[in-house]
Amino acid sequence: MIINFFDEAKSYTALLLDQFSNLELKIDSTNLYQIPIVFGNPDRLRAKLITPNNYRKPIMSLSLLSSQPNLERSTNRLLKRKKIILNDTQVQVTYNDQPTDFSFELWILSDTMTSLTNITSAISTTFYNKYLYIDYKTPLNETISTPIKLDGIEYLIDNNESEFNDTRTIEAKLQFIVEGVQHSQISPVGGYIKEVDLYLDSWYKNIQTTIDSYKILP
């Protein structure tokens, strides 16, 4: 049996990062600003909102809150079988699936309500009846149309007018639940342990490349 060292939590994080990393905000008639998405809590984001030229550009952060098995989506516990290609050789592996829900928060910080609502609307309107489906490629090269549920939007607006100053922020918190799956007990039939191990290692490194491309706030 191969011990699974990869982490689907990272792969679903990468999936959402890819989904939200190309949002652009129209600053004026000629300029577009690509909104950065980073890892970091709201307190650290507030310090990063201020930029030169008297314009404080919005910033977003994505955080994984938790993951837990979803018993209501439990599948047959019998081992599944799949054929994969390793160095032009067809290898059959057995594995099991565990339906798992991953909870995420996306924070958006801005200094104007207009920018905040435009960004929030751009994200929320991609959902239909609270759901968005994104193709997710599993470690065994299966493509699964994965439901992303928009579980809530909360606005945090400072109404203390006497305290308005250059560091004021307006914030929104979006909550998502990714209805994902975790593979387990992946094992080749008839040997090929090292080859399958390398195959999974390649998948993991691709995910890690995406994760590493996003800045972690100090």
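Before any of the text, the structure's been laid out above.
Residues numbered from 1 in each chain as written. Predicted model: local features only at pLDDT ≥ 70, side-chain atom pairs only at ≥ 80, totals over all residues. Heavy atoms only, no water.

Novice: Give me the layout of surface pockets: which residues, what numbers.
Specialist: Size it by volume and the largest pocket reaches roughly 170 Å³. As for the largest pocket, its lining consists of Ser-11, Ala-14, Leu-15, Asp-18, Asp-135, Tyr-136, Lys-137, Trp-203, Asn-206, Ile-207 and Thr-210. Counting only elements with at least two residues in the lining of the largest pocket, the list comes to helix 1 (8–20), strand 7 (131–137) and helix 4 (193–212). (1 Å grid on protein atoms, 1.4 Å probe; cavity = no way out; pocket = protein on both sides within 12 Å on 5 of 7 lines; lining within 4 Å. Points joined across faces, edges and corners; volume = space filled by probe spheres on them. Helix = DSSP H or I, 4+ residues; strand = E, 2+ residues; numbered from the N terminus.)

Novice: Can you tell me about the nonpolar core, naming the residues and giving the values?
Specialist: Membership of the largest hydrophobic core comes to 39 residues, with the highest contact counts inside it found for Met-60, Leu-106, Ile-123 and Phe-176. Counting only elements with at least two residues in this core, the list comes to helix 1, strand 4 (59–69), strand 6 (89–110), helix 3 (113–124), strand 7, strand 8 (143–157), strand 9 (170–188) and helix 4. Of all hydrophobic cores here, the second largest spans 9 residues; its members include Val-91, Tyr-95, Leu-140 and Leu-200. (Core = buried A, V, L, I, M, F, W, Y, C linked by side-chain atoms within 4.5 Å. Buried < 20%, exposed > 50% of the residue type's maximum accessible area, 1.4 Å probe, protein only.)

Novice: Now, about the pattern of salt bridges: what can you tell me, with residues and values included?
Specialist: Tallied over the entire structure, the rule returns 3 salt bridges. Between Lys-149 and Asp-151 there is a salt bridge, and its shortest N-O distance comes to 3.7 Å. Linking Lys-173 and Glu-154 is a salt bridge whose minimum nitrogen-to-oxygen distance equals 3.4 Å. Separated by 19 residues along the polypeptide, Lys-173 in strand 9 and Glu-154 in strand 8 bring together distant segments of the chain. Each of Glu-105, Glu-154 and Lys-173 takes part in salt bridges that share partners, so that together they form one network. (Salt bridge = Lys/Arg side-chain N within 4 Å of Asp/Glu carboxyl O.)

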